Amino acid sequence: MNGCDVRLEGVRYAYGAREALRGVSLRIGAGEQVALVGPNGAGKTTLTRLLVALRRPGAGRVTVGDWEVAHKRPDEMAQRVGYVFQHADHQLFARSIRDDVVFGPRRLGRSEALVPGVLEEMGLAAAAGLHPYDVPAPLRKLVALAGVLAMEPCVLVLDEPTAGLDRVQRDRVVSALQRRAEAGVTVLAVSHDLGFVAEVAARVVVMGDGRIVADRPARELLYDREALAALGLRPPPTVEISGALGLRGSPVRTTEVVAVMGGIRWKQMPE
């Protein structure tokens, strides 16, 4: 499915007396890949939950494609937006991993043909008959993502999708998102993992105190050490390597770094 655009216009949201979002306006184009970063309490998760009608704005407007989210229920929004919670236990409920992954397409009346491939893609095929709570927490995160991918949403929203994952599991998530991005799916990912951000995002939106404080191309921000330091962040390993070796073109993805390094004619060190 092609991506849908996402718009927030002057959005405010409060938990009692505490205002979590303070007039946020943001546009994500159809098929764009955006990372949402910032300190805890900045409003990132609140913003993402507005996109699936799990929260209603106190003021302002939220739209996904031609749908105004305020007029939709969460189950209706699932037709367009696939949401992966930070804690997978909040969305797993079936008696087996396979049943959990197949539930979404079945509920939406869509083909279940993608389910075996998605299970394989997430490394879950061998465990498909197990109860989700009989596998480790990192695998449960992959189950939650698989269930969303099987529904073929036009927008993917992920809250800290790589937290707690090992390198192999993290690479599976990165590869899956890169494939969806190439297919034109819109991606919004909340993450503190700048290595992950470097691999999947073309643009980074920085939040602080319920507001957007920066909105920059990922390649530009990830090379801005001062801006990252102000956020308490360090450049991802790919950028550190690029800087140390003086690589041209400001590569950020692993494949870009490898390609640039592969084109360098290294001087042989004297014996």
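Right above here is the structure, for reference.
Residues numbered from 1 in each chain as written. Predicted model: local features only at pLDDT ≥ 70, side-chain atom pairs only at ≥ 80, totals over all residues. Heavy atoms only, no water.

Observations regarding the overall build of the protein
Right, on to step 1. In terms of helices and strands, the protein carries 11 helices and 10 strands.
Right, on to step 2. Relative to the 2.2 N^0.38 estimate, which gives 18 Å for 271 residues, the radius of gyration of the protein is 19 Å and therefore close to what a compact globule would have.
Right, on to step 3. Of all 271 residues assigned to the protein, the portion counted as buried reaches 49%.
Right, on to step 4. Of the contacts formed within the protein by residues at least 6 apart in sequence, a portion of 64% connects residues at least 24 apart.
Right, on to step 5. A gap of 2 Å separates the mean positions of the 35 positive and 31 negative side-chain charges of the protein. (Helix = DSSP H or I, 4+ residues; strand = E, 2+ residues; numbered from the N terminus. Rg over C-alpha atoms; globule rule 2.2 N^0.38 Å. Buried < 20%, exposed > 50% of the residue type's maximum accessible area, 1.4 Å probe, protein only. Contact = heavy atoms within 4.5 Å. Lys, Arg positive; Asp, Glu negative; His and termini not counted. Charge placed at Lys NZ, Arg CZ, Asp CG, Glu CD.)

Structural notes on the packing of aromatic side chains
Right, on to step 1. Applying the stated criterion across every chain yields a total of three aromatic pairs.
Right, on to step 2. Taking 4.9 Å as the distance between ring centres and 90° as the angle between the ring planes, the aromatic pair formed by F93 and F103 counts as edge-to-face. Residue F93 is found in the loop between β6 (81-84) and α3 (97-108), and its partner F103 is found in helix α3; the two are separated by 10 residues along the sequence.
Right, on to step 3. Judged by relative accessible area, which is 51%, F93 ranks as exposed.
Right, on to step 4. Taking the ring centre of W67 as reference, the NZ or CZ of K72 above it sits at 4.3 Å.
Right, on to step 5. The positively charged end of R80 is found above the aromatic ring belonging to W67, 3.9 Å away from the centroid. (Phe/Tyr/Trp six-rings, centres within 6.5 Å; stacked < 30°, edge-to-face > 60°. Lys NZ or Arg CZ within 6 Å of the ring centre and 35° of its normal.)

Regarding the pairing of strand β3 (residues 33-37)
On a regular strand, each side chain points to the face opposite its neighbour's, so the side chains alternate between the two faces of the sheet.
Right, on to step 1. Where burial is concerned, most of β3 is hidden: five out of the five residues are buried.
Right, on to step 2. In β3, alternate side chains face the same way, and those of Q33, A35 and V37 on one face and V34 and L36 on the other are all buried.
Right, on to step 3. One ladder, built from four bridges, connects β3 with strand β8 (residues 186-190); its direction is parallel. When the sheet's bridge partners are listed, L36 is paired in β8 with V190.
Right, on to step 4. Bridging between β3 and strand β9 (residues 203-208) involves four bridges; their strand directions are parallel. The residue of β9 that forms the bridge with V37 is V206. (Pairing = 2+ DSSP bridges.)

Some remarks on the nonpolar core
Right, on to step 1. Of all hydrophobic cores here, the largest spans 35 residues; its most connected members are I97, V101, M122, L124, L156 and L158.
Right, on to step 2. If you list the elements that add at least two residues to this core, you get α3, α4 (115-121), α5 (137-149), β7 (155-159), α6 (167-182), β8 and α7 (194-200).
Right, on to step 3. Of all the elements, α5 adds the most residues to this core, at seven residues.
Right, on to step 4. Leave out the neighbours within four places in its chain, and L124 touches I97, L119, L139, L142, V143 and A146.
Right, on to step 5. By size, the runner-up hydrophobic cluster in this structure holds 32 residues, among which are L26, F85, L188 and V205. (Core = buried A, V, L, I, M, F, W, Y, C linked by side-chain atoms within 4.5 Å.)

Quick word on the sheet that holds β6
Right, on to step 1. Ordered in space as β6-β7-β8-β3-β9-β10, the six strands form an open sheet in which the pairing is mixed. Of all strands in the sheet, those with a lone pairing partner are β6 and β10 (211-217), marking the two edges. For this sheet the average axis-to-axis angle between neighbouring strands, irrespective of direction, equals 15°.
Right, on to step 2. Inspection of the sheet shows β9 paired to β10 by six bridges, in the antiparallel sense. Across the sheet, R203 pairs through a bridge with P217, a residue of β10.
Right, on to step 3. Taken strand by strand, α5 contacts β6 and β7, and its axis lies near 175° from that of β6. (Axes fitted to C-alpha atoms, helices over the stretch in contact; angles between N-to-C directions.)

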